[in-house]
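Remarks on the overall topology
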Amino acid sequence: MAAELSITSNFTFLTGASHPEEFMRRAGLMGLSAIAVADENSVAGIVRAHAAAREIAREVAERDALEAARGPIGPPAPEGCAPGPSAAIRNVPRLIPAARLVPVDGPEITALAATREGWARLCRLISRGRLRAPKGGAALRMDDIMEGMEGLELLLHPPARALDWPEDWRRQAARLARRFGERLHLALAPAYDGQDPARFDLWAAEAARLALPTLATARPMMHHGRRRRLADVLTAIRTGTRVDALGRAALANAEQRLRSEAEMRRIFRGHEAAVARAEALARRCTFSLDALRYEYPSEVADGERPRDRLARLARAGLARRYPEGAPERVRAMLEHELALIAKLNYEPYFLTVNDIVAFARTRGILCQGRGSAANSVVCYCLGVTSVSPEIGTMVFERFVSEARDEPPDIDVDFEHERREEVIQWIYARYGRHRAGLCATVIHYRGKRAIREVGRAMGLSEDTVAALSSQLWGFYGMGGTEAERLSEIGLDPSDRRLSQTMELIDEIVGFPRHLSQHVGGFVITEGRLDELCPLENAAMEDRTVICWDKDDIDTLGILKVDVLSLGMLTCIRKAFELLRQHHGADYTLATLPQEDPRVYDMLCRADSVGVFQVESRAQMNFLPRMKPRSFYDLVIEVAIVRPGPIQGDMVHPYIRRRNGEERVEFPSDALGAVLAKTLGVPLFQEQAMQIAIIGANFTPDEADRLRRSLATFKKHGNISEFRSRFLKGMVANGYDRDFAERCFSQIEGFGSYGFPESHAASFALLVYASAWLKCHHPGLFACALLNAQPMGVYAPAQIVRDAREHGVEVRPVCINESYWDNVMEPDGRGGLALRLGFRQIRGLKEEDAAWIAAARGNGYLTVEDVWRRAGVTPPVLARLAEADVFAALGLSRREASWEARALRAPAPLPLFEGDMDGEGIAEPAALLPEMTLGEEVVEDYVAMRLSLRAHPVALLRDRLTPPAEG
């Protein structure tokens, strides 16, 4: 059996032409004993290959068990296939974690992690190079490599296609040979150009001179030769050229692919010992990613054990949440949760989340937890969430499970304007060597695939634009695709176009580059850069790891999600306005509950600006749903989603809620799961329970189902569970039609399924924002405008809605406005909304601050603002265009005329006034008065809104047909 120790996967972005999983499966088909995925200065694809090895091992074990019971299950899979459970895969290739190091001042070296110490060294080495360079780059140096490579086996790569030896390479090779001795091998790799035998002899002679053993590698960049065309397309995209202009950069053939033992011995005839050495070296590399032991921070504080600290904080929080005494049921739930958390040693995780939330509270940053474990009594007592755990129906074990050994999931949303404060606090507390954000792998999807492949294949820009704008949504729909091509005037039978569409099909799902996760932090007790390499993010002062959330889930690594939410910014600002103007001090937990006026407002679909229910789809659904309780809002949030809609769950639920359809359950067991949702599965947790109770899924199988249903899953596909689910339901006595309907409903979650825990947290923000809008529409509109950009509606729509609710809205004024919109007395005992300078397009907050600070008792002229506030004439012109000088008796045109008369950065002495206080006066200009239509247009140009009239009102007489008779 042979081993391949230098594979380039598609995680060497725009170079490798196959997924790590494809290499692993192909190696199993070929009977290879081991492979090393060694991407350039990266281990980003390693976990994908590791997960594939696990899956292959599971499939082989299942197949072997079936064969033991029934005999052989079928013939071997044909050459080149990518099967599921297959009789052709007889061994599970071992994955050797590796990376191809490319220093800026030396030769390429493949480093294989032979031990755990070697893996730690490799991660720190890659981190050092990555952290020296901007995002996506690496600046590794030979001196870094020479410092020490304990626990690593090294393959030294000669210059590509070399038939002689550059002197610098020889010098560096000799240096490496002296430093690493037997741990360094000279890699022999074919170039497939007819000169390989001579080249191998030359390299073997050089290896003998350096006293290095040779080792054979095909250096594959494809798992199969059929990927050659895609490899050339990737090269064209990377180099910014067309495929037909690649020249020598294109592959000469399809030979640079994964090879079997027989092929390797044929290619390296005369150097078979080099092939054998690869297998021998693979046996010496014993490290596996399974050996990684992630250690969460211990969170010991002042000598107090995490268990004692968590229990103390939770019980103190319980007394705070229930000042008159907690119900016995809640007390029992708390003690039960604390016992389970202690049994699984998850106290440090809950304490970390508590400390982050406590920091936010000390800074006045509003936050709200969500996620499976967030809606627990412990998190409610800690203040991580303000949703009472009595709202939900799912028990704690379904979120933190001893059977599944699954880490807890807590996401915390912070105000979107201030989340960076929290992120930098985490870096400061734990250190950048112990904390990093997860990566997000950006994959090729429809539009990007069409644009980049189309250009690489030489399609014209108008063809690419037509394809990306009109075809991408129909991608992968067989005949429909050809029909759409014809509809937009393209010939589906055109050779180049058909090749392009085939290549688009291949590239979809390929990784394009790494980005940063929206807020998933991995924090460790020891060095994070010995668990996984770190690199710089595009955003300043942020460092990330190279694995995404699926990868860390595979390895059982915990993350804390520090997310942002614009509505929290709005609610916090609204609470501040309430304290300032009404003396009312509210939090999310202390708002008056179950207010019927709030539900009346929602039933009228009066929800502009209200969190989650402001879209047109939600506005259409609210009067049909008629929410009258908090749990109705939980369902409202979850049901108007692509998953429930595609699964045909919306109409059955409404019919049952309105009494038009009988609520019935196929069994008492499923009735307990579906009772609160009237027999219609709406939440991910319900989908899991249906599978366990109705179809006899094991907890592990249900967990795999949950992962395939996960929100924003990149490869969401649960069809593999169909046969297993239907057989299980029928075996338990359920009607097959019912089983089919159940599965099709659950399958809708493949696009987007919402957990009940998330829906409950979001429902609290729905209620809070609706309560503010209902009782204080002016304050709510003011907070909404100050929290922009966020939500569905533009400032003009928010202002119009506020005025429809009786709020007086006043224009931006040079003597009354500040940067933010404010509430001011309206002279009748109420409050009016004064628009702020932030509404003016292109105006900086710094300029607005100077204007407000220098205002004193008020400005009298445009020149007065220039002199006292020190703002530049262009800023004054922008203010004049927004008509902020109206209170000074100046029309928009008059103020603009005066602003444009000011040219110098500061007043000139001659024009500042003489001893009598008078300077040179310019004669007044006769400027025509603007019409209402012109004023409205200028308002929208300057501020994107107008208080004078709605634009359509100016055309109403033309739109209304004349009365007959």
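First, a word on what this report is: a plain description of the structure on this page. (Residues numbered from 1 in each chain as written. Predicted model: local features only at pLDDT ≥ 70, side-chain atom pairs only at ≥ 80, totals over all residues. Heavy atoms only, no water.)

Evaluation of the coordinates by the stated rule reveals 14 aromatic pairs. A centroid spacing of 6.4 Å and a plane angle of 55° characterise the contact between F200 and W203, whose relative ring orientation is tilted. One end of the pair, F200, and the other, W203, are both in helix α6 (residues 196–210), 3 residues apart, so they sit about a helical turn from each other. Assessed through its relative accessible area of 3%, W203 is described here as buried. (Phe/Tyr/Trp six-rings, centres within 6.5 Å; stacked < 30°, edge-to-face > 60°. Helix = DSSP H or I, 4+ residues; strand = E, 2+ residues; numbered from the N terminus. Buried < 20%, exposed > 50% of the residue type's maximum accessible area, 1.4 Å probe, protein only.)

This part covers the nonpolar core. Grouped together as the largest cluster of nonpolar side chains are 133 residues, with contacts concentrated most on L101, W119, I145, F350, I410 and W547. When residues in this core are grouped by element, the largest group, 8 residues, is from helix α12 (residues 347–362). Counting 106 residues, the second largest nonpolar core, distinct from the first, contains V387, V598, M625 and V680. (Core = buried A, V, L, I, M, F, W, Y, C linked by side-chain atoms within 4.5 Å.)

In this section: the pairing of strand β5 (residues 109–113). Counting buried positions along β5 gives 5 out of 5 residues, so the element sits mostly inside the fold. What you see with β5 is no split at all: I109, A111 and A113 on one side and T110 and L112 on the other are buried throughout. Summarising the sheet, strand β4 (residues 98–101) and β5 pair through 4 bridges and their orientation is antiparallel. Bridge pairing in β5 places L101 opposite I109. Taken together, the 5 bridges between β5 and strand β6 (residues 152–156) define a ladder with antiparallel strand orientation. For A111, the partnering residue across the bridge sits in β6 and is L154. (Pairing = 2+ DSSP bridges.)

Glancing now at the side chain of Q618. Following the sequence through the fold, Q618 ends up in helix α22 (residues 616–625). Judged by its relative accessible area of 3%, Q618 is buried.

So, on to the environment of D550. For D550, the location among the structural elements is in helix α19 (residues 549–554). By relative accessible area, D550 is classed as buried at 18%. Residues D550 and R48, spaced 502 residues apart in sequence, show a C-alpha to C-alpha distance of 8.9 Å.

Where helix α27 (residues 684–695) meets helix α29 (residues 722–731), the closest approach of the two axes is 8 Å, and the angle between their N-to-C directions is 50°. Relative to α29, the element α27 lies oblique. Between α27 and α29, the residues in contact are I690, A691, G694 and A695 and R724, F725, G728 and M729, respectively. Looking at the contact of α27 with α29, its residues break down into 5 nonpolar, 2 polar and 1 charged. (Axes fitted to C-alpha atoms, helices over the stretch in contact; angles between N-to-C directions. Parallel < 35°, antiparallel > 145°, perpendicular 65-115°, else oblique. Contact = heavy atoms within 4.5 Å. Nonpolar A, V, L, I, M, F, W, Y, C, P; charged D, E, K, R; others polar.)

Two numbers describe how helix α1 (residues 20–30) lies on helix α2 (residues 46–70): the axes approach to 8 Å, and their chain directions differ by 40°. In this view, α1 runs oblique relative to α2, as classed from their interaxial angle. Crossing handedness for the pair α1 and α2: right-handed. Residue-level inspection shows P20, E21, M24 and R25 of α1 in contact with α2, the latter providing R48, A49, A52, A53, E55, I56 and E59. Partitioning the contact of α1 with α2 into residue classes produces 6 nonpolar, no polar and 5 charged. (Left-handed = near helix turned anticlockwise from the far one by under 90°.)

Our next topic: the pattern of salt bridges. Counted under the stated rule, the structure contains 76 salt bridges. A salt bridge links E153 to R284; its shortest N-O distance comes to 3.8 Å. In this pair, E153 is assigned in strand β6 and R284 in helix α9 (residues 272–284), connecting sequence segments 131 residues apart. Residue R284 is classed as partly exposed on the basis of its relative accessible area, which comes to 43%. For E206, the salt bridge identified is with R170, shortest N-O distance 3.1 Å. In this pair, E206 is assigned in helix α6 and R170 in helix α5 (residues 167–180), connecting sequence segments 36 residues apart. (Salt bridge = Lys/Arg side-chain N within 4 Å of Asp/Glu carboxyl O.)

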